[in-house]
Amino acid sequence: MNRWQPFEGNNVILRPYYRRMIEQFNPTRGAALAALAEFVPRAGRAYTLDRNHDRGPEDRSNVSALSPYLRHRLLTESEVVEAVLQRHSLAAAEKFVQEVFWRTYWKGWLELRPEAWRRYRREVETLVPDIGTAEWSNDYARACEARTGIECFDAWVTELAEFGYLHNHTRMWFASIWIFTLGLPWQLGADLFYRQLLDGDAASNTLSWRWVAGLQTAGKTYLARPDNIQRYTDGRFSPTGLASFAPALAEPALPPARELEAAPGLPQGRVGLLLHEEDLHAESLPLGNAIVHAIAGWHRAADRSPLGCSDSVAAFTSTAVSDGLARASAHFGVDSAPLLESDASAVLAWARESGVTTIVIPFAPVGPVRERVDGMSAELASAGVSLIEARRQWDSVAWPHAGRGFFPFRERIPKLLRGQGIRTQ
Ligand SMILES: Cc1cc2nc3c(=O)[nH]c(=O)nc-3n(C[C@H](O)[C@H](O)[C@H](O)COP(=O)(O)OP(=O)(O)OC[C@H]3O[C@@H](n4cnc5c(N)ncnc54)[C@H](O)[C@@H]3O)c2cc1C
């Protein structure tokens, strides 16, 4: 069968690349917990020593590959770190714990500087209509279609489409080659990742690309070196012709960091719970004394880009939301339904039908869901429906410290963990 042809299975039309993705990343909490249990024994010294090697898509045994689950909070950061620290001391698993905190740090950083996201969004909106006419169009097409002639890069483009995942080191090499060897706009590389990564995340993706480009840490860029690629791909690739220097890109300064808004008050009384793709573990949301009377959910992975998102990302997200709804239903003893639309009128219709005037949603960090929530809140308020966002303690406590670099933030990790009641010895 032609590799790109749809085939039928389980009553859904699946493309072969989607089938491969689903074999590796099943978008349910059950699969996420199994993956976590399987990884925990390797989270200590083995991870510290070996995590930088990319042995290819068939062997992810030296990293956790938990990112698609963490990104949608099919697993929470606190339970992942807690499971690891029940098995290893913080000293032994420090590297892994720090990596999880990189996610928290990036999310906090963007929360304090939302203009970095808004600027990225505007720039992608401006660049996309130029695809096909700009002077970089042919190079862009060759890069996206795995036709650059740079063997490793072309293999990674294909791997990204097939698996919706790339190893961290490879993401760094990829972004560096995109920007400094191919000379393409960094924003369109970030957009390509964001549309295709199952773990595609507004903060981790945008800020990592900015970091490679030299925008995040002023003047400090990341250069992909052939010897480094050869060493850490265990000789699978030995590229030639890569850029040998990486001059930092420049941009107008961003506004100073804002203060993190105080966490919204805890909900009370009868509420409707509206889940979305940023946080799908309703069972552990801080819901105060609220009585959950109705549950609904929405997913709009295509909001990631003016070019939408891959079939794999759309399928992963919608299945993850269905899984979140089914678990929430069982937990709160209330029926749940996916909303077919994710605009104010659909939410209002659901609230009226369910007889609720307060809707609780998991906190929406800076990104497409935040944009959607901001776009509907005035209309909900004028219809007499209040929207309360449930923000986890993990985020509320850590994000205010993301105002500076990662290194001062990292120093706080033991204190942050103890504050959450997670043992560090
Ligand atoms: C250009 C670029 C784009 C990226 N885009 C994303 C993205 O859209 N979404 C995303 O989740 N990560 C992104 N990352 C970070 C990192 O590459 C992935 O989180 C990691 O590769 C996921 O694989 P893993 O679960 O096996 O990670 P592990 O090494 O097992 O780490 C455990 C967890 O820690 C977190 N983590 C690890 N490294 C980082 C990091 N550098 N930054 C933030 N969190 C980290 C992830 O949640 C990960 O699941 C990007 C990195 C680069 C260089």
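Residues numbered from 1 in each chain as written. Predicted model: local features only at pLDDT ≥ 70, side-chain atom pairs only at ≥ 80, totals over all residues. Heavy atoms only, no water.

- The name given to the protein in an unreviewed UniProt entry is Deoxyribodipyrimidine photo-lyase, with Salinibacterium xinjiangense as the source organism.

Observations concerning the packing of helix H15 (residues 344-354) against helix H16 (residues 368-382)
Here comes step 1: Across the interface, H15 lies against H16 with an axial gap of 9 Å and an inter-helix angle of 45 degrees. For the element pair H15 / H16, the angle class is oblique. In this structure, the crossing between H15 and H16 has a hand that is right-handed. Contact residues: Ala 344, Ser 345, Val 347 and Leu 348 in H15; Met 376, Glu 379 and Leu 380 in H16.
Here comes step 2: Residue classes in the contact of H15 with H16 are distributed as five nonpolar, one polar and one charged. (Axes fitted to C-alpha atoms, helices over the stretch in contact; angles between N-to-C directions. Helix = DSSP H or I, 4+ residues; strand = E, 2+ residues; numbered from the N terminus. Parallel < 35°, antiparallel > 145°, perpendicular 65-115°, else oblique. Left-handed = near helix turned anticlockwise from the far one by under 90°. Contact = heavy atoms within 4.5 Å. Nonpolar A, V, L, I, M, F, W, Y, C, P; charged D, E, K, R; others polar.)

Some points on unusual backbone geometry
Here comes step 1: Even without glycine at this site, Ala 65 takes up a positive phi of about 50 degrees.
Here comes step 2: Mapped onto the secondary structure, Ala 65 falls in the loop between helix H3 (45-50) and helix H4 (67-71).
Here comes step 3: One non-glycine residue with positive phi stands out, namely Asp 234, at about 55 degrees.
Here comes step 4: Residue placement: Asp 234 occurs in the loop between helix H13 (226-232) and strand S3 (270-275).

Notes on empty space enclosed by the protein
Here comes step 1: Enumeration over the complete set of coordinates arrives at three cavities of 30 Å³ or more.
Here comes step 2: If you add up the space inside the largest cavity, you get close to 70 Å³.
Here comes step 3: Around the largest cavity, the lining residues are Arg 73, Arg 103, Lys 107, Glu 278, Asp 279, Phe 363, Pro 365, Asp 395 and Trp 399.
Here comes step 4: Among the residues making up the lining of the largest cavity, the classes are represented as three nonpolar, no polar and six charged.
Here comes step 5: Taken domain by domain, the lining of the largest cavity gets at least three of its residues from each of domain 1 (7-111 + 399-419) and domain 3 (270-391). (1 Å grid on protein atoms, 1.4 Å probe; cavity = no way out; pocket = protein on both sides within 12 Å on 5 of 7 lines; lining within 4 Å. Points joined across faces, edges and corners; volume = space filled by probe spheres on them. Domains from an automatic or database assignment.)

Regarding the pairing of S3
Here comes step 1: For S3, the buried fraction is high: five of the six residues fall into the buried class.
Here comes step 2: In terms of strand pairing, S3 meets strand S4 (residues 291-297) through six bridges, oriented parallel. What sits directly across from Val 271, in S4, is Val 292.
Here comes step 3: Note: S3 against strand S6 (residues 358-362), two bridges, orientation parallel. Counted as the bridge partner of Leu 273 is Val 360 from S6. (Buried < 20%, exposed > 50% of the residue type's maximum accessible area, 1.4 Å probe, protein only. Pairing = 2+ DSSP bridges.)

Thoughts on the site of the ligand
Here comes step 1: The local shell around the ligand holds 27 residues, among which Tyr 47, Ser 64, Ala 65, Asn 168 and Asp 199 are the closest.
Here comes step 2: Within the side chain of Trp 106, an N or O atom sits 3.5 Å from a nitrogen atom of the ligand.
Here comes step 3: At a separation of 3.3 Å, a nitrogen atom of the ligand approaches a polar side-chain atom of Asn 205.
Here comes step 4: Alone, the ligand offers 810 Å² of accessible surface; in the complex the protein occludes 96% of this.
Here comes step 5: Here the ligand occupies the largest pocket.
Here comes step 6: Ranked by residue count, the leading element in the shell around the ligand is helix H6 (residues 90-112), at six residues. (Near = heavy atom within 4 Å. Polar contact = N/O pair within 3.5 Å; in protein donor to acceptor, adjacent residues only side chain to side chain. Areas by Shrake-Rupley, 256 points an atom, 1.4 Å probe, with all protein chains shown as cover. Sits in = over half its atoms within 2 Å of the grid points.)

Describing the packing of H6 against helix H7 (residues 114-127)
Here comes step 1: The interhelical angle for the contact between H6 and H7, taken along N-to-C directions, is 85 degrees, at an axis separation of 4 Å. Classified by the angle between their axes, H6 and H7 sit roughly perpendicular to one another. The segment H6 lies against H7, with Trp 109, Leu 110, Glu 111 and Leu 112 engaging Pro 114, Ala 116 and Trp 117.
Here comes step 2: When the residues that make up the contact of H6 with H7 are grouped by side-chain class, the tally is six nonpolar, no polar and one charged.

Observations regarding the pattern of salt bridges
Charged atoms that come close allow side chains of opposite charge to pair.
Here comes step 1: Across all of its chains, the model carries 32 salt bridges by this definition.
Here comes step 2: Note that Arg 236 and Asp 54 form a salt bridge whose closest N and O atoms lie 3.4 Å from each other. On the criterion of sequence distance, the pair formed by Arg 236 in the loop between H13 and S3 and Asp 54 in the loop between H3 and H4 is long-range, its members being 182 residues apart.
Here comes step 3: Arg 236 gets classed as partly exposed once you look at its relative accessible area, which sits at 33%.
Here comes step 4: What makes Asp 54 buried here is its relative accessible area of 0%.
Here comes step 5: In this structure, the salt-bridge partner of Arg 171 is Asp 199, at a minimum N-O distance of 2.8 Å. Here the residue Arg 171 occupies a position in helix H10 (residues 168-181), and Asp 199 occupies one in the loop between helix H11 (186-196) and helix H12 (202-213), the gap between them amounting to 28 residues. Here the two residues Arg 171 and Asp 199 agree in accessibility, since each one is buried.
Here comes step 6: One network of salt bridges, with partners in common, ties together Arg 73, Glu 77, Arg 103, Lys 107, Asp 201, Asp 279, Arg 392 and Asp 395. (Salt bridge = Lys/Arg side-chain N within 4 Å of Asp/Glu carboxyl O.)

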